[in-house]
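Structural description and commentary
Spelled out, the chains give:
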2 protein chains.
Amino acid sequence: MLQSKTHSKPLFLSEEELRQAIELLFYAYRDFTGEPDAILAHYDFGRAHHRVIYFVGRNSGITVGALLGILKITKQSLSRVLGQLLDEGFIEQRTDNDDRRRRMLFLTAKGADLENLLTQRQGRRIANAYRAAGADAVDGFRAVLRGIVNEEDRSRFGDSASGHG
Amino acid sequence: MLQSKTHSKPLFLSEEELRQAIELLFYAYRDFTGEPDAILAHYDFGRAHHRVIYFVGRNSGITVGALLGILKITKQSLSRVLGQLLDEGFIEQRTDNDDRRRRMLFLTAKGADLENLLTQRQGRRIANAYRAAGADAVDGFRAVLRGIVNEEDRSRFGDSASGHG
DNA sequence: TAATTATGTCAGTGTTATTGACATATATCC
DNA sequence: GGATATATGTCAATAACACTGACATAATTA
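In this report, the structure presented in the accompanying data block is examined. This one's a predicted model, so the numbers in the text were calculated from it and none came from an experiment. Every chain's residues receive numbers from 1 upward, in the order its sequence appears when written. For naming, the first written chain is A and the first written ligand is 1, with later ones following in the order written. Totals for whole chains, interfaces and linings use every residue, but because this is a predicted model, local features are given only for residues with pLDDT of at least 70 and side-chain atom pairs only at 80 or more, for both listing and counting. To get the side-chain values, all heavy atoms of the structure are used, and hydrogens and water are removed first.

Turning our attention to the protein's contact with DNA strand D. For DNA strand D, the set of nearby residues contains 23 residues, the closest of which are Arg-51 and Thr-74 of chain A together with Gly-65, Lys-75 and Gln-93 of chain B. A molecule or strand has a residue near it when one of that residue's heavy atoms lies within 4 Å. By atom count, sugar and phosphate contribute 60% of the portion of DNA strand D lying within 4 Å of the protein. The term polar contact refers here to a pair of N or O atoms within 3.5 Å; inside protein, the definition further demands a hydrogen-donor-capable atom paired with an acceptor-capable atom, and it admits residues adjacent in sequence only when both atoms are side-chain atoms. Here Val-64 of chain B contributes a backbone N or O atom positioned 3.3 Å from a phosphate oxygen of DNA strand D. Residue Gly-65 of chain B places a main-chain N or O atom 2.6 Å away from a phosphate oxygen belonging to DNA strand D. Numbering of helices and strands runs from the N terminus, with a helix taken as a DSSP run of H or I at least four residues long and a strand as a DSSP run of E at least two residues long. Breaking the surface near DNA strand D down by element, the ones donating at least two residues are helix H2 (47–58) and helix H4 (75–87) of chain A together with helix H3 (64–71) and helix H4 (75–87) of chain B. Ranked by the residues each element gives to the surface near DNA strand D, the list is headed by H2 of chain A, at four residues.

Structure, rendered in structure tokens:
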């Protein structure tokens, strides 16, 4: 109850440490998205398209509403992006027979190709960082990022420990 | 030479592990920026203003060109945001006497107040995550994020190790 | 049958970014 | 000193991505 795996050392955090963390997140996210952004530009797509392609690929058959919940944008915003991806054959919709109001989203072969390309590039960057930092660092990375995520979504990333608790 | 602190275990990375990392970055960044965004909205400012305020606060006297280099946006984009911040008295400019083409940027007292508020909020989120994850995790977090950043900016975050080699 | 849910669409707006062109002041090179 | 380069600023047009508000339709649930 008091503390599980987290040994909760007092951890006096200097302003400098906190600012370094803030900046690390800024630079890492900037560069993490920069590479896919450049690829997507060839298709006249942007980061919003990427997010949709990614999460549809990851959660095949996801409904429109669930996707909105992940992206935290309005349906009008999603509509433009999703419409383009449907028109251009990267994603297809199928009505859910259990609840015929629902539209389930799937990547087409074309959509899966693009998703793979983008995920491979980002995966390569992650893998390089993981290798350079070492296995222990990976656990720390995951644990801290998980703590930054709002509580409501934290359970997406495991219960609390990350493999060896 | 071969490997400093990074014990370079083979590290077989499953697609699942890579995807979890990708998603952690997405969710963490989304929530990390969500809180400041809400505050900035009261001032009719957005995330772009935040970035300018943050980096000017952090690098007092930074030139316009150096700021563009960090943000990786065009000067026309910066111009609008910076112009507003100047007009409304959050930032002030002073000519650099060593090179009178340069404009050095400083936060005003008003600007520093806002910067402190925003940084405190983000710092609180980081601090909570750090405390929950533990001191070792912090090192791992820093090491992995540093590896994700493009090489050209990596040196901003220390040489390689993070405190205890 | 009435209310709710899931989705879609139309219209208007705002923020953040882009490219391209051009202007000014200052510094540096030859 | 004159040519060139650098640092900054500005005007104009455009695009991507998001928002709010209003309304419509189909299907499910109470």
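So that's the structure; there's more coming.
Below, the discussion takes up the side chain of Thr-63 of chain A. Positionally, Thr-63 of chain A belongs in strand E1 (residues 62–63). Setting aside residues no more than four positions away along its own chain, Thr-63 of chain A makes contact with Arg-102 and Arg-103 of chain A. In this description, contact between two residues means that some pair of their heavy atoms is separated by no more than 4.5 Å.

To pair, rings of Phe, Tyr and Trp, with the six-membered ring standing in for Trp, must have centres within 6.5 Å; the planes then decide the type, stacked if under 30 degrees apart, edge-to-face if over 60, and tilted in the middle. Taken as a whole and judged by the stated rule, the model has 19 aromatic pairs over all chains. Measuring from ring centre to ring centre gives 6.2 Å for Tyr-43 of chain A and Phe-45 of chain A, while their planes differ by 10°; the resulting arrangement is stacked. Through a chain of ring-to-ring contacts, the aromatic side chains of Phe-26 and Tyr-27 of chain A together with Tyr-54, Phe-55 and Phe-157 of chain B assemble into a single cluster. Its end group placed over the ring of Phe-106 of chain A, Arg-94 of chain A keeps NZ or CZ at 3.8 Å from the ring centre. Whether a charge sits over a ring comes down to the Lys NZ or Arg CZ being within 6 Å of the ring centre and within 35 degrees of the ring normal.

Below, the discussion takes up the sheet that holds E1 of chain A. Residues and elements named next belong to chain A. Here we have three strands laid out as an open sheet, ordered E1-E3-E2, and antiparallel in their pairing. Each edge of the open sheet is held by one strand with a lone partner, namely E1 and strand E2 (91–95). Helix axes use the C-alpha atoms of the stretch in contact, all axes being lines fitted to C-alpha atoms, and the angles between their N-to-C directions lie in the range 0 to 180 degrees. The strands touched by H2 within the sheet are E1, E2 and strand E3 (103–107), with E3 carrying the most contacts at an inclination of about 100°. One requirement defines pairing of two strands: DSSP has to find at least two bridges between them.

Moving on, we get to the relation of the copies chain A and chain B. The least-squares superposition of copies is restricted to C-alpha atoms, and to residues with a pLDDT of at least 70 in both copies. Least-squares fitting of chain A to chain B yields an RMSD of 0.1 Å, with the transformation described by 0.0 Å of translation along the axis and a rotation of 180°. What the superposition gives is, in effect, a two-fold axis relating one chain to the other. Closest approach to the rotation axis among the C-alpha atoms of chain A is made by Phe-141 of chain A, whose C-alpha sits 1.8 Å away. When you check the interface residues of chain A against chain B, 100% turn up at the interface there too, and the contact is symmetric in its surfaces.

Bringing the sheet that holds strand E3 (residues 103–107) of chain B into the picture now. Residue and element names in this part refer to chain B. Here we have three strands laid out as an open sheet, ordered E1-E3-E2, and antiparallel in their pairing. Of all the strands in the sheet, the pair left with one neighbour each is strand E1 (62–63) and strand E2 (91–95). In the sheet, E2 pairs with E3 via five bridges, with the strands oriented antiparallel. When the sheet's bridge partners are listed, Ile-91 is paired in E3 with Leu-107.

Let us look at the protein's contact with DNA strand C. In the region of DNA strand C, 23 residues are neighbours, and Gly-65 and Lys-75 of chain A together with Gly-46, Arg-51 and Ser-77 of chain B sit closest. In the interface set of DNA strand C, defined as its atoms within 4 Å of the protein, sugar plus phosphate atoms amount to 59%. Between a phosphate oxygen of DNA strand C and a main-chain N or O atom of Gly-65 of chain A, the distance comes to 2.6 Å. Between DNA strand C and Arg-80 of chain B, the relevant distance is 3.0 Å, taken from a phosphate oxygen to a side-chain nitrogen or oxygen of the residue. Where the surface near DNA strand C is concerned, the elements lending two or more residues are helix H3 (64–71) and H4 of chain A together with helix H2 (47–58) and H4 of chain B. Residue contributions to the surface near DNA strand C peak at four residues, all from H2 of chain B. For the surface near DNA strand C, the class distribution of residues is three nonpolar, nine polar and 11 charged. Here the term charged refers only to Asp, Glu, Lys and Arg, the term nonpolar to Ala, Val, Leu, Ile, Met, Phe, Trp, Tyr, Cys and Pro, and the term polar to all other amino acids, Gly among them.

This paragraph deals with the side chain of Glu-23 of chain A. Within the secondary structure, Glu-23 of chain A is located in helix H1 (residues 15–42). Among the polar contacts listed, one links the side chain of Glu-23 of chain A to the side chain of Arg-58 of chain B, at a separation of 2.6 Å.

In this section: unusual backbone geometry. All names here are of chain A. Of note, Asp-44 is a non-glycine position whose phi angle comes to about 60°, a positive value. Inspection of the secondary structure assignment puts Asp-44 in the loop between H1 and H2. You can call Asp-44 exposed: its relative accessible area is 68%. Not every positive phi belongs to a glycine, and Lys-72 is a case in point at roughly 55°. Along the chain, the position of Lys-72 falls in the loop between H3 and H4. Burial here depends on accessible area, computed with a 1.4 Å probe over protein chains only, as a share of the maximum for the residue type. Under 20% is buried, over 50% is exposed, and the range in between is partly exposed. The exposure class assigned to Lys-72 is partly exposed, which follows from its relative accessible area of 41%.

Think of a nonpolar core as a cluster: buried Ala, Val, Leu, Ile, Met, Phe, Trp, Tyr and Cys residues, connected wherever their side-chain atoms sit within 4.5 Å. By size, the foremost hydrophobic cluster in this structure holds 93 residues, and its most contacted members are Val-52 and Ile-148 of chain A together with Val-52 and Ile-148 of chain B. Each residue touching Val-52 of chain A, except ones within four places of it in the same chain, is listed here: Leu-67, Leu-71, Leu-78, Val-81, Leu-82, Leu-85 and Ile-91 of chain A.

Here we take up H3 of chain B. What H3 of chain B keeps buried is the set Leu-67, Leu-68, Ile-70 and Leu-71 of chain B. Each buried residue of H3 of chain B sits inside an arc of 160° when the element is viewed along its axis, so together they form one side. Tucked into the core, H3 of chain B has its buried residues touching H1 of chain A together with H2, E1, H4 and E3 of chain B. Within two residues after H3 of chain B, Lys-72 of chain B carries a phi angle of roughly 55°, on the positive side. Starting at the helix axis, one direction is taken to each C-beta atom, and the arc is that of these directions.

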